[in-house]
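Given next are the chains, with one letter for each unit.
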Amino acid sequence: MAVESDLPEQYAALRKPARDNLWLQFTKMSTYDDADVPIIVRGEGPYIYDAHGRQYLDALAGLFVSQLGHGRTELADAAARQASELAYFPLWSYAHPSAIELSARLANLAPGDLNRVFFTSGGGEAVETAWKLAKNYFKLVGKPLKHKVISRAIAYHGTTHGALSITGLPSIKQMFEPLVPSTFRVPNTNFYRAPGEFSNDAAGLEAFGRWAADQIAVAIENEGPDTVAAVFLEPVQNAGGCFPPPPGYFQRVREICDAYDVLLISDEVICAFGRLGYYFGAERYGYQPDMITCAKGMTSGYAPLGAMIASDKLMEPFLRGNNLFAHGSTFAGHPVSTAVALANLDIFENEEINKRVLANENAFRSTLEKLTDLPIVGDVRGDGYFYAIELVKDKTTKETFDQAESERLVAGFLAKALFEAGLYCRVDTRGDTVIQLSPPLICEQEHFEEMEQILRSVLMESLGQL
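Residues numbered from 1 in each chain as written. Predicted model: local features only at pLDDT ≥ 70, side-chain atom pairs only at ≥ 80, totals over all residues. Heavy atoms only, no water.

What's the story with the overall build of the chain in this structure? I'm lost.
Secondary structure assignment for the chain yields 15 helices and 15 strands. In terms of C-alpha radius of gyration, the chain reaches 22 Å, essentially the compact-globule figure of 23 Å for 466 residues. For the chain, the spread of C-alpha atoms along the principal axes amounts to about 65 × 60 × 45 Å. Evaluated residue by residue, the chain yields a buried proportion of 53% over its 466 residues. (Helix = DSSP H or I, 4+ residues; strand = E, 2+ residues; numbered from the N terminus. Rg over C-alpha atoms; globule rule 2.2 N^0.38 Å. Buried < 20%, exposed > 50% of the residue type's maximum accessible area, 1.4 Å probe, protein only.)

Is there a simple way to explain the packing of helix 13 (residues 353–369) against helix 15 (residues 445–462) in this structure?
Packed helix pairs are specified by the crossing angle of their axes together with the interaxial distance, meaning the distance between the axes. At their nearest, the axes of helix 13 and helix 15 sit 9 Å apart, and the two run at 15 degrees to each other. Considered as vectors, helix 13 and helix 15 are oriented roughly parallel to each other. For helix 13 against helix 15, the interelement crossing comes out right-handed. Of helix 15, the residues touching helix 13 (which contributes Asn360, Ala363, Phe364, Thr367 and Leu368) are Gln445, Phe448, Glu449, Met451, Glu452 and Leu455. Of the residues that constitute the contact of helix 13 with helix 15, the class distribution is 6 nonpolar, 3 polar and 2 charged. (Axes fitted to C-alpha atoms, helices over the stretch in contact; angles between N-to-C directions. Parallel < 35°, antiparallel > 145°, perpendicular 65-115°, else oblique. Left-handed = near helix turned anticlockwise from the far one by under 90°. Contact = heavy atoms within 4.5 Å. Nonpolar A, V, L, I, M, F, W, Y, C, P; charged D, E, K, R; others polar.)

Can you help me understand the sheet that holds strand 1 (residues 40–44) in this one?
Sheets are built from strands paired through backbone hydrogen bonds, the pairs being either parallel or antiparallel. An order of 1-2-3-13 is seen for the 4 strands of this open sheet, with the pairing classed as mixed. Lying at the two open borders of the sheet, with one neighbouring strand each, are strand 1 and strand 13 (423–424). Two strands pair when backbone bridges link them, and strand 3 (residues 55–58) and strand 13 are joined in this way by 2 bridges, in the parallel orientation. From the neighbouring strand, Leu57 faces strand 13, where its bridge partner is Leu423. (Pairing = 2+ DSSP bridges.)

Explain the packing of aromatic side chains to me, please; I cannot follow it from the model alone.
Geometry of an aromatic ring pair is reported as the spacing of the ring centres plus the angle between the planes. Taken as a whole and judged by the stated rule, the model has 19 aromatic pairs. Ring plane angle 25 degrees and centroid distance 5.9 Å describe the contact between Phe208 and Trp211, whose orientation is recorded as stacked. With Phe208 and Trp211 both in helix 8 (residues 202–223) and 3 residues apart, the pair spans about one turn of that helix. Members of the aromatic cluster, connected to one another through ring pairs, are Phe191, Phe198, Phe208 and Trp211. (Phe/Tyr/Trp six-rings, centres within 6.5 Å; stacked < 30°, edge-to-face > 60°.)

I keep staring at the environment of Phe64 and nothing clicks. Help me out?
Relative to the elements of secondary structure, Phe64 occurs in helix 3 (residues 61–64). Sequence separation between Phe64 and Arg275 is 211 residues; the distance between their C-alpha atoms is 8.2 Å. In this view, Phe64 contacts Asn238, Ile270, Arg275, Lys296, Gly297, Phe386, Arg426, Gln436 and Ser438; residues no more than four positions away in its chain are not counted.

Help me understand helix 12 (residues 335–350) in this model?
Side chains three or four residues apart in an α-helix point the same way, a direct result of the helix having 3.6 residues per turn. Given a rise of 1.5 Å per residue, 16 residues ought to cover 22 Å, and the 23 Å separating the end C-alpha atoms of helix 12 matches this to within 8%. Burial of helix 12 is extensive: 13 of the 16 residues sit out of reach of the surface. (Expected span 1.5 Å × (residues − 1).)

Help me understand the pairing of strand 6 (residues 183–186), please; the structure alone is not making it clear to me.
The two faces of a sheet get side chains in turn, since along a regular strand they alternate between them. Pairing of strand 5 (residues 148–152) with strand 6 involves 4 bridges; the strand directions are parallel. Bridge assignment links Ile150 to a residue of strand 6, and that residue is Phe184. Note on the crossover from strand 5 through helix 7 (residues 161–166) to strand 6: the handedness is right-handed. (Right-handed = clockwise from strand over helix to strand, strands pointing away.)

Explanation requested: the nonpolar core in the structure shown.
Judged by nonpolar contacts, the single largest core of 68 residues is most densely connected at Phe273, Phe280, Ile389, Leu391, Ile435, Leu437 and Leu455. Here this core gets 8 residues from one element, more than from any other, and that element is helix 12. With residues near it in sequence (within four places) discarded, Leu391 still touches Ile376, Val377, Thr400, Phe401, Leu409, Leu414, Thr433, Ile435 and Leu459. In terms of nonpolar packing, the next biggest core, distinct from the first, is built from 31 residues, Ala217, Ile220, Cys242 and Tyr249 among them. (Core = buried A, V, L, I, M, F, W, Y, C linked by side-chain atoms within 4.5 Å.)

Before we go on, may I ask you to explain the side chain of Ser165 in this structure?
Tracing the backbone through its elements, the reader meets Ser165 in helix 7. The buried category is assigned to Ser165, whose relative accessible area is 1%. Other than its neighbours up to four places away in sequence, Ser165 contacts Trp131, Lys173, Leu179, Val180, Thr183 and Arg185.

Help me out: how do you make sense of the sheet that holds strand 12 (residues 386–391) in this one?
Taken in spatial order, the 4 strands make up an open sheet running 11-12-15-14, and their pairing is antiparallel. The sheet terminates laterally at strand 11 (377–383) and strand 14 (426–428), the two strands that pair on one side only. Pairwise comparison of adjacent strand axes, ignoring direction, gives a mean angle of 20 degrees for this sheet. Here strand 14 pairs with strand 15 (residues 434–437) via 3 bridges, running antiparallel. Residue pairing in the sheet places Asp428 in a bridge with Val434 of strand 15. Here helix 15 sits on the sheet and contacts strand 11, strand 12 and strand 15; the angle it forms with strand 15, its principal contact strand, is near 165 degrees.

Bear in mind that shape data such as this cannot, by itself, settle questions of function.
Structure (structure tokens):
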């Protein structure tokens, strides 16, 4: 544990309130009974710095957020200009310029006729908004029984009661039950752990994708097509470790949704704004959703903002008579946040960020795949700048770690060791044990190599922990 003399004076005073007053999120607070809370005080480019002055490569972009890296004065200046002109005004029956401009820009970038932008404060609110809109829409068009939602196993969609109900992670739901009823799970697209009847080749991958998509039709039939409103899917599923869609998967899902009059909602809170080399992941995989939910990279984390982007079809009933979508929140579409988002999109265009991701993604993948020579690395998967490394007990059988082994490996060693070695990333055990890497989109080969070298060193050391 660091002693007070190790810290500069301005940070030493924060040690006690960090432990006594700050309630950290998704954190076992007992971790800091006898240790200091790590305090991150500065960022520059793809690096962050703690209160001791130590440097870490931010290989998670904060939390899949910091697309343009840290210390971008252009974004800070945009926030300051907007705050000095109009710091706040709600979007309840009134509008302000930066929200109007951003809505038009997002509508232009979104695929197809997704032209209506409903702003939120973040991703969970966007998911909540999409579900509420789906239910409201079907009531207005004379199908009031349509309210149920289908999502995938192990998928994460947020922590509000509705979004958490859609989430497919039992371990983070149990303590908050009962949740909102009428949500159902189908298999995800984890080909590494696909059923044994699918061959381990391109044909097997496509067949697996078709099977996984068809399970959505099975679920709709089981619940009754007249009761199912929507399917929530991420372009690349995050929880469980970056599951890309097999070829044809989303095209088949679109066919199923059209056949049963079910809305396809693309949850792009992580995958939008360059993470996969496109403004929206739906573009990369060639499918047309009825709604997109997004947040995180929209501002590169310089201000909180999310959005639900809906098709003209879904807006149409709300343009008639006294119909209204009775939903909103105080800080949704905040003037400072929307001004920052506009500046963020300017940088995306000027620096051709999406092209950079597509140009570098193969180098990122091949650098990470060097780790497959380690006995603990079972799989490397992902797309764009969004990858996971699955850790296994036995590469031949793909045997994973039991709960006690995972706790000893992850909580007892890996999470701390990687951070101490200068790499900020995520070691996740919500599905199988994976290390997730989602670096700022400005990263290049030198940063990929730095990740690989640190991971190699720490993973080699971890073998002695098993």
